[in-house]
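What the coordinates show
For reference, the chains in residue letters:
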Amino acid sequence: MDVRIDAERLWQRHVEMARLGGTPKGGVCRLALTDEDIKAHLLLEKWARKRGFSVALDDIGNMFIRRDGTDPDAAPVASGSHTDTQPTGGRFDGIYGVLAAFEALEAIDDAGIRTRRPLEAIVWNNEEGSRFHPGCMGSAVHAGVSTLEEMLAKTDRAGVTMGEAVKGLKAAMPDAGYRPLQSPLAAFVEAHIEQGPLLENTGNTIGIVTGMQGNRRFEVEVVGEEGHSGTTPLAGRKDAFKAAIRMARALEDHFHDPEDVLRFTIGRFDVHPGALTVVPGRVVFSIDFRHPDMEVVKRLGDGVAGVCAAHAGPCEVEVRETSGSPSVEFSGPVPEAIEASVGRRGYAAIQIYSGAGHDSRHMVHLCPSGMVFVPCEKGISHNEAENADPKDLAAGAQVIADVMLDLAERL
Ligand SMILES: [Zn+2]
């Protein structure tokens with residue numbers, strides 16, 4: 001039985017979704033559970049109802065769109081991603097995986113195929129983590145990796161709790177059914193733009209994702225002593241900025257990887273009090289580093305405090321570990337089904353490692369999982385200029401439809 005996805009329908013849905021939170025520069029600002037994000041959920045619900053698909057929400061606000069199978073007791077085969085974006089996000093990060101999943105359900109519906117297992121398109125709540133920290137919150141809670149109570153208590157900058165925001169979503173969707181957390185899934189597959197340049201550079205359409213790198217994050221606080229920049233002799237200064245710079249240089253060496261696999265970033269560097277004529281008394285900076293090999297992640301992460309202490313000079317330094325995730329390997333039926341679809345359709349494909357984190361990271365705790373990457377222009381993402389070729393988006397959605405159909409019968 002062949003199922004063909006409708007490339008034009010898929011593209012038009014991207015255009016329609018991009019209006020919700022659309023920015024003047026052509027990007028999207030649709031933070032988790034804001035009015036715009038709730039509108040995106042409602043639009044999906046409208047499309048789902050039109051098709052006769054059912055809609056349910058769980059306690060953390062994940063949304064499940066379901067096309068029933070012939071066996072009502074069978075666990076569903078699911079696909080999906082997220083509708084939320086960064087404040088200056090693009091038109092494809094997240095929403096592509098949701099729309100590809102929904103297109104797969106529709107294409108299979110159009111073909112009139114009854115699957116044994118139900119098929120589901122899932123919207124994971126708060127993936128980006130820019131309104132409520134941490135990210136991948138919905139999938140983590142659903143998979144039992146994070147606790148519901150702790151996450152519902154998280155607040156945004158205005159003091160609104162995640163719990164209140166989820167209540168807002170539920171109130172906007174009074175007809176949605178209820179889905180318990182950690183409900184069984186037979187398999188999960190997520191489509192996403194690559195957010196890197198490898199597929200484009202190698203002329204490939206599909207990336208078969210083999211895994212996701214592990215990471216550790218730190219906050220480093222360097223404390224010196226404020227002083228008058230005109231009168232304090234250099235010899236007696238406790239300049240927190242200079243100490244922090246020495247640490248940053250030494251960390252650059254510590255994390256140096258000639259093979260360019262390791263990713264090390266100091267994304268935040270705050271100098272206090274930040275005045276022109278005051279010797280800086282305090283600096284706080286962040287460390288984010290990632291590597292596929294957990295031994296490397298452990299060894300280099302464990303070395304951070306020592307490197308910082310060795311370069312503190314007259315200042316004090318405190319290193320706090322703020323978060324971390326183990327690396328993930330995708331193997332078994334999902335990547336196998338992706339491989340089979342790619343071969344059958346003749347798409348140019350390579351195996352690829354995910355540099356970014358995605359909801360699938362948590363799904364491996366529930367069921368066999370995997371991911372499909374499609375190229376995005378110049379690898380640009382988390383940026384209003386994010387762009388993708390409709391043909392590539394269609395190819396990825398076709399693979400999702402093939403994989404869901406295959407696994408719904410085979411597993
Ligand atoms: Zn994403």
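Residues numbered from 1 in each chain as written. Predicted model: local features only at pLDDT ≥ 70, side-chain atom pairs only at ≥ 80, totals over all residues.

A few points about helix 11 (residues 333–345)
How we decide: Runs of H or I in DSSP of at least four residues are treated as helices and runs of E of at least two as strands, each being numbered from the N terminus. Expected span of a helix: the number of residues minus one, times 1.5 Å. Exposed residues have 12 or fewer other C-beta atoms within 10 Å of their own C-beta, buried residues have 20 or more, and partly exposed residues fall in between, where C-beta atoms are placed from the backbone. Note on contacts: each residue gets a C-beta atom placed from the backbone, and two residues are in contact if those atoms are within 7 Å.
Compared with an ideal rise of 1.5 Å per residue, which puts 13 residues at 18 Å, helix 11 spans 18 Å between its outermost C-alpha atoms and is within 8% of the ideal. For helix 11, the complete set of buried residues consists of P333, V334, P335, A337, I338, S341 and V342. On the buried face of helix 11, the contacting elements are strand 6 (187–193), strand 7 (206–212), strand 16 (349–354), strand 17 (369–374) and helix 13 (390–410). At the exit of helix 11 stands G346, carrying a positive phi of roughly 75 degrees.

As for unusual backbone geometry
Going from H133 to P134, the amide bond is cis rather than trans, its omega being 5 degrees. Counting through the fold element by element, P134 comes out in the loop between strand 4 (119–123) and helix 4 (137–143). Looking along the chain, the bond that leaves H272 and enters P273 is cis, with omega of 0 degrees. Here P273 is to be found in the loop between strand 11 (269–272) and strand 12 (278–279).

Side note on helix 13
Between its first and last C-alpha atoms helix 13 spans 30 Å; for 21 residues at 1.5 Å apiece the expected length is 30 Å, and the two agree. With respect to burial, helix 13 is a largely interior element, 17 of its 21 residues being buried.

Topic: the domain arrangement of the chain
As a reminder of what qualifies: For the domains described, the bounds stem from an automatic or database domain assignment. For this classification, the nonpolar set comprises Ala, Val, Leu, Ile, Met, Phe, Trp, Tyr, Cys and Pro, the charged set comprises Asp, Glu, Lys and Arg, and every other residue, Gly included, is treated as polar.
One can read the domain layout of the chain as domain 1 (7–212 + 327–410) and domain 2 (214–325). For domain 1 versus domain 2, the distance between C-alpha centres works out to 36 Å. The partner domain 2 presents seven residues to the seven residues of domain 1 that form the contact. Of the residues in the side of domain 1 that touches domain 2, the class split is two nonpolar, four polar and one charged.

Regarding the packing of helix 2 (residues 35–51) against helix 6 (residues 162–172)
Put simply, the rule reads: Inter-axis angles, ranging from 0 to 180 degrees, are taken between N-to-C directions of lines fitted to C-alpha atoms, where helices are fitted over the stretch in contact. Here a crossing is called left-handed whenever its near helix is offset anticlockwise from the far helix by less than a right angle, and right-handed whenever the offset is clockwise.
Contact geometry of helix 2 with helix 6 gives a least axis separation of 10 Å together with a crossing angle of 35 degrees. Crossing handedness for the pair helix 2 and helix 6: right-handed. Contact with helix 2, carried on its side by I38, H41 and L42, involves G168, L169 and A172 of helix 6 and no other residues of that element. Taken together, the residues of the contact of helix 2 with helix 6 sort by class into four nonpolar, two polar and no charged.

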